[in-house]
Amino acid sequence: MPSSIRCHLKMVANLFDAYTAALFLRSKHGESYRLVAKESLGDAVKDSCVIESGQGLIGWVAREGKRLHVTHFTRDTRTLGIYKIDTGIKAFLASPLPYREGVLMVDSKNRYAFPEKKQRILDDCARVAYDLWFLIRQEVEREFYRKLLDWLIDSGANFLDDIGRLGKLLGLKMVLYACKDRGEKLYRLRGTIGVHGLKAGDTLYSVDEGLMGWFFRYKKNVILNKFRGEAAQSFIIKRNESLNPGPVVVGICLPENGETSEVVLFSGETDIERWPSDILETLSRSLSRIRGNT
């Protein structure tokens, strides 16, 4: 997390004499809120913390977009979803970021309530946190689009090489490129990158099996952030495959080119929060443009 956010959280913690000050931000690709920065006097805060909208007190603030002040806190603090153990806090205060983009929270072990003035100040701090995060996100997206533009300029000679470089840009090492004839129930792999035990060729696979078959059937562009990749439950091509996909899977269905349908699938492990919110539309347009130039 950028130093500006960390400094802001440190200021908030000192201003409120808080046991913990924490900032949660909404995922770009869902309604969950992840802990992105914290300042705490103890080590009980979870290393990785995700709160669903409406889950507990923090989730309620995220969903309702309203400040919440809990005095004489008597619950086990693990119910907040941020702590590994009960820390015995006495007061809890949380303010939503504008547009329900996140939650800024503080708690205390040495007071039973926060004064009204401090409650209003936390609202202001939440707005500042949003402004900082908005500027940071804009810079990250500008850098992504700059790299994508460079990719577009250099692409067009070989489609498989193009999608391989796009996979690297996304931080995803596995790439599968498949196609099928219109009306057919079988497809074949036209190219693979970063795949062991599966090669492109004349082998035909059913559209009724696996994630790749799903893309051919429904023609939808999808991002999966928690793909299990277990042969018995979820798989890319066929059961008992030797592929080793990562938790992130991106599937792009290209517009039908005459009598042919094409799907490009990327997989690996990366932080999708660094991608623009319109990533699927952007990738679809970009790949369609490149495919039309080959």
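Residues numbered from 1 in each chain as written. Predicted model: local features only at pLDDT ≥ 70, side-chain atom pairs only at ≥ 80, totals over all residues. Heavy atoms only, no water.

When its secondary structure is counted, the chain shows 6 helices and 12 strands. Taking the principal axes of the C-alpha coordinates as reference, the chain spans close to 70 × 40 × 30 Å. A buried classification covers 47% of the 294 residues belonging to the chain. If you take every contact in the chain between residues at least 6 apart in sequence, the share linking residues at least 24 apart comes to 57%. When the accessible area of the chain is evaluated, it comes to approximately 15000 Å², of which 47% is carbon and sulfur surface. (Helix = DSSP H or I, 4+ residues; strand = E, 2+ residues; numbered from the N terminus. Buried < 20%, exposed > 50% of the residue type's maximum accessible area, 1.4 Å probe, protein only. Contact = heavy atoms within 4.5 Å. Areas by Shrake-Rupley, 256 points an atom, 1.4 Å probe, with all protein chains shown as cover.)

The next subject is the state of the cysteines. Taken as a whole, this structure holds 0 disulfides when the rule is applied. Cys7 takes part in no disulfide bond, and the closest cysteine sulfur to it belongs to Cys125, at a distance of 14 Å. A relative accessible area of 52% means that Cys7 is categorised as exposed. (Disulfide = S-S within 2.5 Å.)

One open sheet accounts for 6 strands, arranged β3-β2-β1-β6-β5-β4; its pairing is antiparallel. Either end of the sheet is taken by a strand with one partner, and the two such strands are β3 (50–52) and β4 (68–70). This sheet shows a mean twist of 20° between the axes of neighbouring strands, independent of strand direction. Across 3 bridges, the pairing between β4 and strand β5 (residues 91–96) is antiparallel. In the sheet register, Leu68 faces β5, and the bridge partner there is Ala94. Lying over the sheet, helix α2 (residues 56–64) contacts β1 (20–26), β2 (32–40), β3, β4, β5 and β6 (102–108), oriented at roughly 25° with respect to β5. (Pairing = 2+ DSSP bridges. Axes fitted to C-alpha atoms, helices over the stretch in contact; angles between N-to-C directions.)

For the structure on display, the rule yields 16 salt bridges. Among the ionic pairs, Arg67 bridges to Asp123, the shortest N-O distance being 2.7 Å. Remark: Asp123 occurs in helix α3 (residues 116–154) and Arg67 occurs in the loop between α2 and β4; sequence separation between them is 56 residues. Using a relative accessible area of 18% as the deciding quantity, one classes Asp123 as buried. (Salt bridge = Lys/Arg side-chain N within 4 Å of Asp/Glu carboxyl O.)

Examined against the element boundaries, Glu101 turns out to sit in the loop between β5 and β6. At 2.5 Å, the side chain of Glu101 and the side chain of Arg26 are in polar contact. The contact partners of Glu101, leaving out residues within four places of it in the chain, are Phe24, Leu25, Arg26, Tyr33, Tyr130 and Arg137. (Polar contact = N/O pair within 3.5 Å; in protein donor to acceptor, adjacent residues only side chain to side chain.)

Contact geometry of α3 with helix α4 (residues 159–170) gives a least axis separation of 11 Å together with a crossing angle of 170°. When the interaxial angle is binned, α3 and α4 end up roughly antiparallel. Contact residues: α3 offers Phe144, Lys147, Leu148, Trp151 and Asp154, while α4 offers Asp162, Arg165, Leu166, Leu169 and Leu170. Its residues placed into classes, the contact of α3 with α4 shows 6 nonpolar, no polar and 4 charged. (Parallel < 35°, antiparallel > 145°, perpendicular 65-115°, else oblique. Nonpolar A, V, L, I, M, F, W, Y, C, P; charged D, E, K, R; others polar.)

Val12, Phe16, Leu23, Leu104 and Val106 are the most contacted members of the largest nonpolar core, which totals 24 residues. For this core, the leading source of residues is α3, giving 7 residues. For Phe16, the contacting residues outside a window of four places in its chain are Leu93, Val106, Arg111, Phe114, Lys118, Ile121 and Leu122. (Core = buried A, V, L, I, M, F, W, Y, C linked by side-chain atoms within 4.5 Å.)

Strand pairing in a sheet relies on backbone hydrogen bonds. The paired strands run either parallel or antiparallel. Taken in spatial order, the 6 strands line up as β9-β8-β7-β12-β11-β10 in an open sheet, and their pairing is antiparallel. The strands lining the two open edges of the sheet, one partner per strand, are β9 (204–206) and β10 (222–224). Along the sheet, successive strands turn relative to each other by an average axial angle of 30°, direction set aside. Taken together, the 5 bridges between strand β7 (residues 174–181) and strand β8 (residues 186–193) define a ladder with antiparallel strand orientation. Bridge assignment links Ala178 to a residue of β8, and that residue is Leu189.

Moving on: helix α5 (residues 210–218). Helical geometry note: an α-helix holds 3.6 residues per turn, so side chains three or four residues apart project in the same direction. When we look at burial in α5, the residues that qualify are Gly210, Leu211, Met212, Gly213, Phe215 and Phe216. Buried residues along α5 sit in contact with β7, β8, β9, β10, β11 (248–257) and β12 (260–268). Immediately beyond the C-terminal end of α5, within one or two residues, lies Lys219, with a positive phi of roughly 55°.

Geometric values such as these leave the question of function open.
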